[in-house]
Amino acid sequence: MARDFADVERRYGADDCILYALGLGLGDPETQRHLRAVYEGAEGFAALPSFVNVLGTPPFWAKDPSTGLTWQKIVHGEQAFTLHAPLPVSADIVGQTRLTGLIDKGAGRGALIYTEREISSADGVRLATVSSTLFARADGGFGGPDGPLKPVHTVPDRAPDAHFDVATSRRAALIYRLSGDKNPLHADPALAKKAGFERPILHGLCSMGIAAWSVTMALGGGDFTALRHLELRFSAPVYPGETIRTEVWEDGDDISLRARVLERDAIVLSNGRARLK
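*Asks:* I'd like a rundown of the overall build of the protein chain, residues and numbers included.
*Replies:* Looking only at helices and strands, the protein chain has five helices and 10 strands in total. Based on the C-alpha atoms only, the size of the protein chain along its principal axes is roughly 55 × 45 × 45 Å. Out of the 277 residues in the protein chain, the part that is buried amounts to 48%. Sequence-distant contacts, at least 24 apart, represent 69% of the contacts inside the protein chain between residues at least 6 apart. If you sum the accessible surface of the protein chain, you get close to 13,300 Å²; carbon and sulfur atoms cover 50% of it. In the protein chain, the 31 positive side-chain charges and the 34 negative ones have mean positions that sit 5 Å from each other.

Written out as structure tokens, the structure reads:
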């Protein structure tokens, strides 16, 4: 809990915003909604809100032997972000990461690692808060607390109010990895099979970015900058080339969501909640 994370300083610009959007599959030159995210000359050009997920991230610290973690068996369990100000299309930013909780599920049951990252502009404007839950499958039984657990949002027990489909490209993971996550599991067929997958899988944060876009297409009037908050749980992997259907429910200020892969009818994102401005 006392681990010190060095501040991560980064300068990003329009090209980085565009590359991120292309990794999610945006890029239809005939669609103004796409152009706003992939062409710097488009009217209303803006950064996708979910771009904050790849900003200011520290190196894969769990791989450091001093942590005592079995890093090979750590998986991404949950992710959330909240925007405090509109995300600029270019900025010098600082990411400050800290551990916010460790949960011991018991020997043979793994552990949960809660982290939080504050992203600010270099001149001190608070831009976003990003939180993650890592599931350390092989590291339970270390004698730590068994709570408190983060609350989990439950989607309504009724048919969705709307949905939005995105057909991913078979090249999606190869493009998305250029935004920062170069884990070979998303590119190397041999390594993916060794890990138990039939082929390289899509990044969970790429699936999340697609869901973020889909919520604003389904309920936000097509204005992707309307998204201010998104939280969800990663339930199953997506293979590039599959179609992700994001199902949404609207209840006052809260929008519930989940996503499924149509080809396998598998829930891949669950317990989602979003808010629009």
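Still to come is the rest of the account.
*Asks:* Quick one: what's the story with the sheet that holds strand β7 (residues 227-234), residue by residue and with numbers?
*Replies:* The strand order β1-β3-β4-β5-β2-β7-β10-β9-β8-β6 describes an open sheet built from 10 strands, whose pairing is antiparallel. Among the strands making up the open sheet, the edge pair consists of β1 (8-12) and β6 (162-167). Each strand axis lies, on average, 20° off the axis of its neighbour in the sheet, ignoring direction. Alignment of β6 against strand β8 (residues 243-251), held across six bridges, turns out to be antiparallel. Paired with Ala167 across the two strands is Thr243, which belongs to β8. Set on the sheet, helix α5 (residues 204-219) makes contact with β2 (74-83), β6, β7, β8, β9 (254-261) and β10 (266-276); between it and β6 the angle comes to about 135°.

*Asks:* Could you give an account of α5, naming the residues involved and the relevant values?
*Replies:* Compared with an ideal rise of 1.5 Å per residue, which puts 16 residues at 22 Å, α5 spans 23 Å between its outermost C-alpha atoms and is within 8% of the ideal. Burial analysis of α5 places 13 of its 16 residues in the buried class, the great majority of the element. In the stretch just after α5, Gly221 is the one whose phi turns positive, near 65°.

*Asks:* Help me get a handle on the environment of Leu83, residues and values and all.
*Replies:* Along the chain, the position of Leu83 falls in strand β2. Sequence-wise, Leu83 and Val130 are 47 residues apart; in three dimensions their C-alpha atoms are separated by 8.7 Å. Leu83 has contacts with Pro49, Val52, Leu127, Ala128, Leu227 and Arg228, leaving out every residue within four places of it along the chain.

*Asks:* I'd like a description of the nonpolar core, backed by residues and values.
*Replies:* Side chains that are nonpolar tend, in soluble globular proteins, to be buried together. Ranked by size, the top nonpolar core spans 59 residues in total, and within it Leu48, Phe51 and Leu230 carry the most contacts. Per element, the largest residue contribution to this core is nine residues, and it comes from α5. Apart from the residues within four sequence positions on either side, Leu48 is in contact with Tyr20, Ala21, Leu24, Leu26, Ala37, Leu87, Trp213 and Phe224. Within the second largest apolar cluster, nine residues are counted, among which are Phe5, Trp61, Ile74 and Ala111.

*Asks:* Run through the pairing of β9, naming residues and quoting values.
*Replies:* For β9, the tally of buried residues reaches six of eight residues, placing the bulk of the element in the interior. Pairing analysis gives eight bridges linking β8 to β9, with the strands arranged antiparallel. Its bridge partner being in β9, Trp249 is matched across the sheet by Ser256. Hairpin remark: β8 followed by β9, antiparallel, with two residues in the connecting loop; positive phi at Gly252, about 65°.

*Asks:* Describe the packing of aromatic side chains, naming the residues involved and giving the relevant values.
*Replies:* A full pass over the atoms with the stated rule returns six aromatic pairs. Ring geometry for Tyr20 against Phe51: centres 5.4 Å apart, planes inclined by 55°, an arrangement best described as tilted. You can see Tyr20 sitting in helix α1 (residues 14-24) and its partner Phe51 sitting in the loop between α2 (32-38) and β2, a full 31 residues away along the chain. The pair formed by Tyr20 and Phe51 is uniform in burial state, with each residue classed as buried.

*Asks:* Kindly report on unusual backbone geometry, identifying the contributing residues and their values.
*Replies:* Most of the time, phi is negative for any residue but glycine, and the peptide bond is trans. A cis amide bond links Gly147 with the next residue in sequence, Pro148, at an omega value of 0°. Mapped onto the elements of the fold, Pro148 is located in the loop between β5 (126-136) and β6. Of note, the phi angle at Asp265 is positive, near 50°, even though the residue is not glycine. Relative to the elements of secondary structure, Asp265 occurs in the loop between β9 and β10. Its relative accessible area of 54% is what places Asp265 among the exposed residues. A positive phi angle is found at Asn271, which is not glycine, with a value near 55°. Following the sequence through the fold, Asn271 ends up in strand β10.

Scoring rules and cut-offs
- Residues numbered from 1 in each chain as written.
- Predicted model: local features only at pLDDT ≥ 70, side-chain atom pairs only at ≥ 80, totals over all residues.
- Heavy atoms only, no water.
- Helix = DSSP H or I, 4+ residues; strand = E, 2+ residues; numbered from the N terminus.
- Buried < 20%, exposed > 50% of the residue type's maximum accessible area, 1.4 Å probe, protein only.
- Contact = heavy atoms within 4.5 Å.
- Areas by Shrake-Rupley, 256 points an atom, 1.4 Å probe, with all protein chains shown as cover.
- Lys, Arg positive; Asp, Glu negative; His and termini not counted.
- Charge placed at Lys NZ, Arg CZ, Asp CG, Glu CD.
- Pairing = 2+ DSSP bridges.
- Axes fitted to C-alpha atoms, helices over the stretch in contact; angles between N-to-C directions.
- Expected span 1.5 Å × (residues − 1).
- Core = buried A, V, L, I, M, F, W, Y, C linked by side-chain atoms within 4.5 Å.
- Phe/Tyr/Trp six-rings, centres within 6.5 Å; stacked < 30°, edge-to-face > 60°.

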